[in-house]
Amino acid sequence: MTSVLYDVPGPKARLYSLIGSAAGILIILGVLAIAVMTLAQQGIFDADRWEIFYGPMAPDVWNLIGQGIVSTLMAAAVAAVIAFPLGIALCLLRISLITWIRVPTQVVLEFLRGMPVVLMMLFVLLVFATGQFVAVVAGLVLYNAAIFAEILRAGIQSLPKGQREAGLAIGLRSFQSRMIIEFPQATRRMLPSLVAQLVVLLKDTSLGYIVGYEELLRKIQIMADFLGPNFLFPAFFVGAAIYILINLSVSRIAIWIERRGSKKAAGGTARATAAGAVPTAK
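Since we're looking at a predicted model, the values are computed, not measured.

A few points about the overall build of the chain
Piece 1. Within the chain, the regular secondary structure consists of eleven helices and zero strands.
Piece 2. For the chain, the α and β elements follow one another from N to C terminus as α-α-α-α-α-α-α-α-α-α-α.
Piece 3. Within the span of the chain, comprising 282 residues, buried residues form 34% of the whole.
Piece 4. If you sum the accessible surface of the chain, you get close to 17,500 Å²; carbon and sulfur atoms cover 69% of it.

Listed below in structure tokens is the structure:
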């Protein structure tokens, strides 16, 4: 299919693109090779530095890491469960037709989006004298609810105006049209952005160490401080790998949900088309 945005590349353009891609790959491989050789010269890959993960201390080390993973997932899950419905409510207020509701909500959203998550955590911890877990969750909820609200608002605004007009035409109220017709479509359309924000939320739990919450990064830091500087790189390398695996798992689950929803929607459309088909006279 021919793109309307740019011309189809010719033989020279394809050749230049191939050369540029090959050069970029070689540069990346060269940088990685230099980094690996530098780390090898420092003894990073010596077996005794990684013995903490399979030697006599391994049970205690993995137990500590497991506690950090549970704390990270717990804070992220609770924050996500609270932030998404709150984001829907803020989105409804933000797109309200009533000025004295819409304008203050816009001000609040801009404030929450502009505030660093760490400051929100510290504010909740120090002003309200809460525990570390509550402070972390509250900071994540306030920030991510504002982001979710803006993502959903963008999704609703991207829908054809006929969607809302059709809902109102069949007798739905404005709120019913938002929740029954517009929000499901906006959520499906903006699912990649919502998933990306969930990944950001999960990573932002690492800021909890500033308020004393012992999530995964804090547990790894405690372990590295206890074991000494020789185990600093292995500890943080394993921590980074765990974060990447968790984030990839979240992304894969979201992709599975999106595909499942698309199949259901396609099946429903096919059934509706078949039911509405008018047989032709023979």
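Back to the text.
Topic: helix H8 (residues 174–189)
Piece 1. Of all the bends in H8, the greatest reaches close to 45° and is centred on Glu182; the proline Pro184 follows between one and four positions later.
Piece 2. Buried residues of H8: Ser177, Arg178, Ile181, Glu182, Phe183 and Ala186, and no others.
Piece 3. Residues of H8 that are buried make contact with helix H3 (58–94), helix H6 (132–157) and helix H7 (161–169).

Digging into a nonpolar patch on the surface
Piece 1. Side chains of Ile25, Leu26, Ile28, Leu29 and Leu32 sit close together on the surface and give an oily, nonpolar patch of about 520 Å² of accessible area.
Piece 2. Its location among the elements puts Ile28 in helix H1 (residues 11–41).

Brief notes about the nonpolar core
Piece 1. With 55 residues, the main nonpolar core has Phe53, Ile65, Cys91, Val136 and Phe183 as its most contacted residues.
Piece 2. Only H3, helix H4 (99–114), helix H5 (117–127), H6, H8, helix H9 (191–204), helix H10 (216–227) and helix H11 (232–275) provide two or more residues apiece to this core.
Piece 3. With 14 residues, H6 is the largest single contributor of residues to this core.
Piece 4. Not counting the four nearest positions on each side in its chain, Phe183 is found in contact with Ile88, Cys91, Leu92, Leu152, Ile156 and Arg178.

A word on the packing of H4 against H6
Two quantities define a packed helix pair, namely the angle between the axes and the distance from one axis to the other.
Piece 1. Put simply, H4 and H6 touch, their axes get as near as 8 Å, and they point 125° apart. As judged from the angle between their axes, H4 and H6 are oblique. Between H4 and H6 lies a crossing whose hand is left-handed. Across from Leu109, Leu112 and Arg113 in H4, the residues of H6 making contact are Leu142, Tyr143, Ala146, Ile147, Ala149 and Glu150.
Piece 2. Looking at the contact of H4 with H6 residue by residue, the classes come out as seven nonpolar, no polar and two charged.

Brief notes about the environment of Val134
Piece 1. With respect to the secondary-structure elements, Val134 resides in helix H6.
Piece 2. Under the relative-accessibility criterion, Val134 is labelled partly exposed at 44%.
Piece 3. Between the C-alpha atom of Val134 and that of Ala79, which follows or precedes it by 55 residues, the distance is 9.7 Å.

Rules of the game
Residues numbered from 1 in each chain as written. Predicted model: local features only at pLDDT ≥ 70, side-chain atom pairs only at ≥ 80, totals over all residues. Heavy atoms only, no water. Helix = DSSP H or I, 4+ residues; strand = E, 2+ residues; numbered from the N terminus. Buried < 20%, exposed > 50% of the residue type's maximum accessible area, 1.4 Å probe, protein only. Areas by Shrake-Rupley, 256 points an atom, 1.4 Å probe, with all protein chains shown as cover. Bend = angle between axes of the 7 residues up to and from the residue. Contact = heavy atoms within 4.5 Å. Patch = residues over 30% accessible without salt bridge, like charges linked within 9 Å, V, L, I, M, F, W, Y side chains within 5 Å. Salt bridge = Lys/Arg side-chain N within 4 Å of Asp/Glu carboxyl O. Core = buried A, V, L, I, M, F, W, Y, C linked by side-chain atoms within 4.5 Å. Axes fitted to C-alpha atoms, helices over the stretch in contact; angles between N-to-C directions. Parallel < 35°, antiparallel > 145°, perpendicular 65-115°, else oblique. Left-handed = near helix turned anticlockwise from the far one by under 90°. Nonpolar A, V, L, I, M, F, W, Y, C, P; charged D, E, K, R; others polar.

Interpretation note: all reported values are geometric properties and have no functional meaning in isolation.
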